[in-house]
Amino acid sequence: MMLICIVLIPLLAGVIAWAIGRQNPGAARWVCLLACAIDLVILLTLWNNQAAMAAFAAGGPWLMQVNVPWVPALGISFHLALDGLSLLMLILSAFLGIVSVGCSWTEIKERVGFFHFNLMWVLAGIMGVFLAMDLFLFYCFWELMLVPMYFLIVIWGHENRIYAAVKFFIFTQFSGLLMLLAILALYFLHGHATGTYTFDYDLLLGTKLGSGAAKWIMLGFFAAFAVKLPAFPVHNWLPDAHTEAPTAGSVILAGLLLKTGAYGLMRFVVPLFPQAAIDFTPVAMTLAVIGIIYGAVLSFAQTDLKRLVAYSSVSHMGFVLLGVFAWNRIALQGAVMQMICHGLGTGALFMMVGAIQERIHTRNIEKMGGFWEVAPRMGAIAMFFAMASLGLPGIGNFIAEFLVLLGSYQANATMTSIASLGLVLGSIYSLWIVQRVFHGARENQAKLPDFARREIALFASLIIALVGLGFFPQPIFKTADPALSKLQQLAVAGQGAVQVSEAKHSGGNS
Amino acid sequence: MLMLPELLVVATALVVLVIDLFLSERTRWLTGLITLLGLLAAMAAACTNTMHGALLGGRFVVDAVAWWFDILLILAAFVTVILSMDVLNGNTRVRMRGLGARAEYYCVLLFTLAGMMFLISSRDLITFYVSLELATIPMFALAAWRRDDARSGEAGLKYVILAALSSSLIVYGMALLYGLTGQTNLDAIGRILPNHVGPAFWFAVAMLVAGAGSKFTVVPFHFWAADVYQGAPTPITAYLSVASKCVGLAFMFQVLFRIFGGWLHDGSLLVSIFAATTMTLGNTVAIVQHNIKRFMAFSAVSQAGYFLLGFLGPNEAGVAAMLFYMLVYIVTNLGVFTCIIWYQNETGREEIEDYRGLSQTNPIMALMMMVSLFSLAGIPPLSGFVGKFFLFSIASSAGYHWLVALAAVNSTVSLYYYLRVIRQMYIEPPDADARRIPITKKLAVTEAFLFAGVVILGIVPTLYESIHADTATWLATLLR
Amino acid sequence: MASVPMEHALVLAAVLFALGLAGLLVRRNIIFMLMCLEIMFNAAGLAFVAAGARWAQADGQVMFMMILTVAAAEVAVGLALLLGFYHHFKTLDADAAEGMRG
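Residues numbered from 1 in each chain as written. Chains lettered and ligands numbered in written order. Predicted model: local features only at pLDDT ≥ 70, side-chain atom pairs only at ≥ 80, totals over all residues. Heavy atoms only, no water.

1. Here we look at the interface of chain B and chain C
Step number 1: Listed as interface residues are 42 residues of chain B and, on the opposing side, 43 residues of chain C.
Step number 2: The junction of chain B with chain C conceals about 3500 Å² of combined surface from both sides, 77% of it contributed by carbon and sulfur atoms.
Step number 3: Summed over the three residues of chain B that lose the most area to chain C, namely Leu-157, Tyr-172 and Tyr-178 of chain B, the buried surface amounts to 19% of that side.
Step number 4: At the boundary of chain B with chain C, the tally comes to zero salt bridges. (Contact = heavy atoms within 4.5 Å. Buried area = accessible area lost by both parts, 1.4 Å probe. Salt bridge = Lys/Arg side-chain N within 4 Å of Asp/Glu carboxyl O.)

2. What about empty space enclosed by the protein?
All names here are of chain B.
Step number 1: Applying the stated criterion to the full structure yields 11 cavities of 30 Å³ or more.
Step number 2: Empty space within the largest cavity amounts to approximately 130 Å³.
Step number 3: For the lining of the largest cavity, the elements supplying multiple residues, two or more each, are helix H5 (125-143), helix H6 (150-181), helix H8 (199-215) and helix H10 (234-259).
Step number 4: With four residues, H5 is the largest single contributor of residues to the lining of the largest cavity.
Step number 5: By residue class, the composition of the lining of the largest cavity is eight nonpolar, three polar and one charged. (1 Å grid on protein atoms, 1.4 Å probe; cavity = no way out; pocket = protein on both sides within 12 Å on 5 of 7 lines; lining within 4 Å. Points joined across faces, edges and corners; volume = space filled by probe spheres on them. Helix = DSSP H or I, 4+ residues; strand = E, 2+ residues; numbered from the N terminus. Nonpolar A, V, L, I, M, F, W, Y, C, P; charged D, E, K, R; others polar.)

3. Description of the packing of helix H8 (residues 161-194) of chain A against helix H18 (residues 401-426) of chain B
Step number 1: At a closest axis distance of 10 Å, the pairing of H8 of chain A and H18 of chain B adopts a crossing angle of 150°. Here H18 of chain B runs roughly antiparallel to H8 of chain A, going by the angle between their axes. The interaxial crossing formed by H8 of chain A with H18 of chain B has right-handed handedness. On H18 of chain B, the residues touching Ile-162, Val-166, Phe-169, Ile-170, Gln-173, Phe-174, Leu-177, Leu-181, Leu-184 and Ala-185 of chain A of H8 of chain A are His-401, Val-404, Ala-405, Ala-408, Val-409, Ser-411, Thr-412, Leu-415, Tyr-416, Leu-419 and Arg-423 of chain B.
Step number 2: Class assignment of the residues belonging to the contact of H8 of chain A with H18 of chain B gives a composition of 16 nonpolar, four polar and one charged. (Axes fitted to C-alpha atoms, helices over the stretch in contact; angles between N-to-C directions. Parallel < 35°, antiparallel > 145°, perpendicular 65-115°, else oblique. Left-handed = near helix turned anticlockwise from the far one by under 90°.)

4. Points about the arrangement of the chains
Step number 1: Of all two pairs of chains in contact, the one with the most contacts involves chains B and C.
Step number 2: Between chain A and chain C there is no contact, and the shortest C-alpha to C-alpha separation is 24 Å.

5. Overview of the interface of chain B and chain A
Step number 1: Taken together, the contact between chain B and chain A spans 37 residues of the former and 32 residues of the latter.
Step number 2: For the pair chain B and chain A, the summed buried area comes to about 3100 Å², and 80% of that belongs to carbon and sulfur atoms.
Step number 3: Interface area lost by chain B to chain A is led by Phe-389, Thr-412 and Ile-427 of chain B, which between them contribute 18%.
Step number 4: At the boundary of chain B with chain A, the tally comes to zero salt bridges.
Step number 5: Linking chain B with chain A are three residue pairs in polar contact (both at pLDDT 80 or more).
Step number 6: Listed by contribution, the elements that provide at least two residues to the side of chain B that touches chain A are helix H15 (358-361), helix H16 (363-377), helix H17 (383-397), H18, helix H19 (441-459) and helix H20 (462-471) of chain B.
Step number 7: Considering every element that reaches the side of chain B that touches chain A, the biggest residue donor is H18 of chain B, with 13 residues.
Step number 8: Taken together, the residues that form the side of chain B that touches chain A break down as 25 nonpolar, 10 polar and two charged. (Polar contact = N/O pair within 3.5 Å; in protein donor to acceptor, adjacent residues only side chain to side chain.)

6. A look at unusual backbone geometry
Across residues other than glycine, the phi torsion is negative in most instances, and most of the peptide bonds are trans.
Step number 1: A cis amide bond links Leu-229 of chain A with the next residue in sequence, Pro-230 of chain A, at an omega value of -10°.
Step number 2: Inspection of the secondary structure assignment puts Pro-230 of chain A in the loop between helix H10 (211-228) and helix H11 (237-244).
Step number 3: Look at the link from Pro-380 of chain B to Pro-381 of chain B: it is a cis peptide, with omega at 0°.
Step number 4: Inspection of the secondary structure puts Pro-381 of chain B in the loop between H16 and H17.
Step number 5: At His-361 of chain A, a position not held by glycine, the phi torsion is positive, near 60°.
Step number 6: Note on placement: His-361 of chain A falls in the loop between helix H15 (329-360) and helix H16 (371-374).

7. Some thoughts on the pattern of salt bridges
Step number 1: This model, assessed by the stated rule, comprises 27 salt bridges over all chains.
Step number 2: In this structure, Asp-240 of chain A and Arg-307 of chain A form a salt bridge, with 3.5 Å as the shortest nitrogen-oxygen distance. Of this pair, Asp-240 of chain A sits in helix H11 while Arg-307 of chain A sits in helix H14 (residues 305-324), and the two are 67 residues apart along the sequence.
Step number 3: Taking the shortest distance from any N to any O, the salt bridge between Lys-158 of chain B and Asp-227 of chain B comes out at 2.8 Å.

8. Let's talk about the packing of aromatic side chains
All names here are of chain A.
Step number 1: Inspection of every chain in the model, using the stated rule, returns 83 aromatic pairs over all chains.
Step number 2: Here the aromatic rings of Phe-188 and Tyr-197 are separated by 6.0 Å at their centres, their planes lie at 70°, and the arrangement is edge-to-face.
Step number 3: Between Phe-222 and Phe-325, the aromatic rings sit 6.1 Å apart at their centres with planes inclined by 80°, giving edge-to-face as the arrangement. With Phe-222 in helix H10 and Phe-325 in the loop between H14 and H15, this residue pair connects regions lying 103 residues apart in the sequence. (Phe/Tyr/Trp six-rings, centres within 6.5 Å; stacked < 30°, edge-to-face > 60°.)

9. Details of the pairing of strand S2 (residues 76-82) of chain A
Residues and elements named next belong to chain A.
Step number 1: In terms of burial, S2 is largely enclosed, as six of its seven residues are buried.
Step number 2: Pairing of strand S1 (residues 64-71) with S2 involves seven bridges; the strand directions are antiparallel. Residue pairing in the sheet places Val-68 in a bridge with Phe-78 of S2.
Step number 3: What sits between the antiparallel neighbours S1 and S2 is a turn of four residues, in which Gly-75 has the positive phi angle 70°. (Buried < 20%, exposed > 50% of the residue type's maximum accessible area, 1.4 Å probe, protein only. Pairing = 2+ DSSP bridges.)

Right, here's the structure in full:
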């Protein structure tokens, strides 16, 4: 029941905000803020519940679940379930929900009610994605994210918003349909093999597939998640969408939407098709490394500050892909950590850009410079997040990227060495931002008020979270561990199977 | 009792016609009300009738599928009558001129409905043919109802010629079937036909498939649809897009399952090619349309392509999936058309660009239109998605993965063009002098109900379950 | 009475049908198009009568009656619309009907 509430609260808040937004925009903001806060409190209480966590760690399949038949004739059920990985992602969602409501407090002045409706519904869709354990339901939530996001970009976005929004929509929708195709294929293959037709995740786990079928179905899922992640050749929509979206939209996009892709890889691609995923490793790792380097290089070439941050996302998310396909616990822990820290850090950078744009009405780096003198607080905060982005020790991102590299080094040393170049490039462009925007001569004489109390509070909470993660990452590791060790076992079993079959082969030959 | 719904519809048609003689101009709106009451009675009669059985020596049979089609058709006609009432009563801001007498309009509409209902229940070549024509011929008159509008007349005339062409193909095919088998009973023909495969048989197949394709707007037999949809009075366009599509599906059921059921499995490849071309062409052409009615015509063509997925296999779930998607399609499409009709009533406009700023001038209608369009595009968890999902899964289980992939691409394309309308409503600013556009109670209530249907049918699949349960064994009795 | 073989009647029906179809496609005058449709219906009716004769049943002839009446109704509506068309366009040329494009 608690799980249904978590999704339902933002949905309801969205409707209420829309209904009252016309008369009373302020109240709409408060309703949404409250809804996210309630969600956050619920989730934190869950996390704090030591007994349940311990029982779960001891080997329960889920921390919590709801499973109600929905269309029994087709084996569709309303199955929500929570484990450590989803719990972390949900907490991140609720937290960034608060942040995104907060950061649009003054930015959004038109159609406030509708804006918050869309914001809350994207959030609900994302939370649903993190919770759904029925593939049909998962697909529903997956699509539920799209439409409100489209509206966020297309109504409150910047100059080139329609192009960006349509591009975003077509990319994600099409890849989503490929996933639908894969889901249907999996459903029927499982049904033919076992006689029970079901979309339930638990039941579909361990479906025996021919290697050809498994490969194609895995690719269907991978396509959808790679677009969201985004992985290298299909990252194309991201810079446009991020750049044109309003600040809250960018925060949600970078902070949460991209994470659904990574989450999908961990939750579905690897457990459902361990063998096919292992076979796919070289390709995935190559894509990851290309993404890391390519994103970093391109972000260095941007003059639009927001676009720069967007490309840096491509680079950072490459580490997640690398971590997932490194097939060991350390790298997986790193990937989860990277998801959380990237969500917080990049979200903050987008807010920073949004705040600057709100003040000087441009995102062009060449028109900035010397902001430190007039807005020292802004400068300091920007400095912090730039350091976070380049992976300064003591901040969560460092741990994340370090673990990913450590883990993947065991898997593939060459790839990892190339990927670590990304870190170097990352520090170049991060420092470059700070240098161009906050130091140097003042190009722009527009008035630049420093951060007010609301903004300071938002950024402070993000800073505290990131530093906290940097110094005390253990709770995160502990929470994510049961889910990740399950993944790990699957991978080992898969590799074992490979070795056994190879041994058989060689045995047959000799 | 079995035929009661059909008889009630015919009786209502006659009563409306007669009562009109005794009404003054001021009370003539009552004819609409009587029509509605008659349809309600027919609906009640159909709903309370749980019996299946045969009448007239087996020439008229009510079974599970016929029962569901009756319900769907009455529903479509009921909503169409409500949508027509404002227009016919002159209750609109922008008067639509050249509309003839109301009673005749309702009467003709009811006769087409009766023809459609008889069509799915008929088991004999003669009743089958006559009910088909009863469903089609009055439609010509309805399409051309606006006497002073050149486009309406043009639409009617084109409809006459092209529909008569398809009818003549059908009747010639029937003649060949009768010549081959000596039977007029559809089931008997289906049973005997396998012994008579030859040139004449294939000729008959081609004729009937072409005719059926034309009724169901399957590419390449769809060409009448766009002009007729655009020229006809908008409530009739709505009726054409749902009821006529529904009866097209009923016709396909009769021909493909009942007569050619034995070959349907071998013909799957052909069906899949028809499905592929229909959805692709419908979608591609819809992208460049400017007139919203024409736009909806091509959208309807592409939807016909999705329906065809249900014939692949063939299996029992296909029947239920097609019927369910028809229900969803009727509710959703009428939801869109309610908005189109309302907008035309209030502003007299029907270009897509004219919808700019609708979200400001009437946010609630804009929302409902948007949700309906999303449902047509198949966005979960709306009913359109669920319906399409069932159809896709039929094709997938029949092994037509390439077709499902193509259908997926088509869904993406269709989303693009439905978004064109939504973009006008939500992103473009309204005209400077635009004011809030009011809505009559009738239309508001109708749209609210349809909207609820669009949302609820997707989330609460009880209706699908009952359709599935009702028709689970239907196909098995036909495919021996 | 020497009966006509069914094949002959069917061939005649097929020829008539093809003629009607060809006429429908070639002719641009709407009256002629309606006449061609009528020929196609009658060809189908002829095929029914021939088939009925083969099986020695009355059904073929019953169907022919039905086809006649239905075709008459069809043409009646068609002619009524044709009058309206002529009223608007002052011509019976089908190519004049091009108000809708796209």
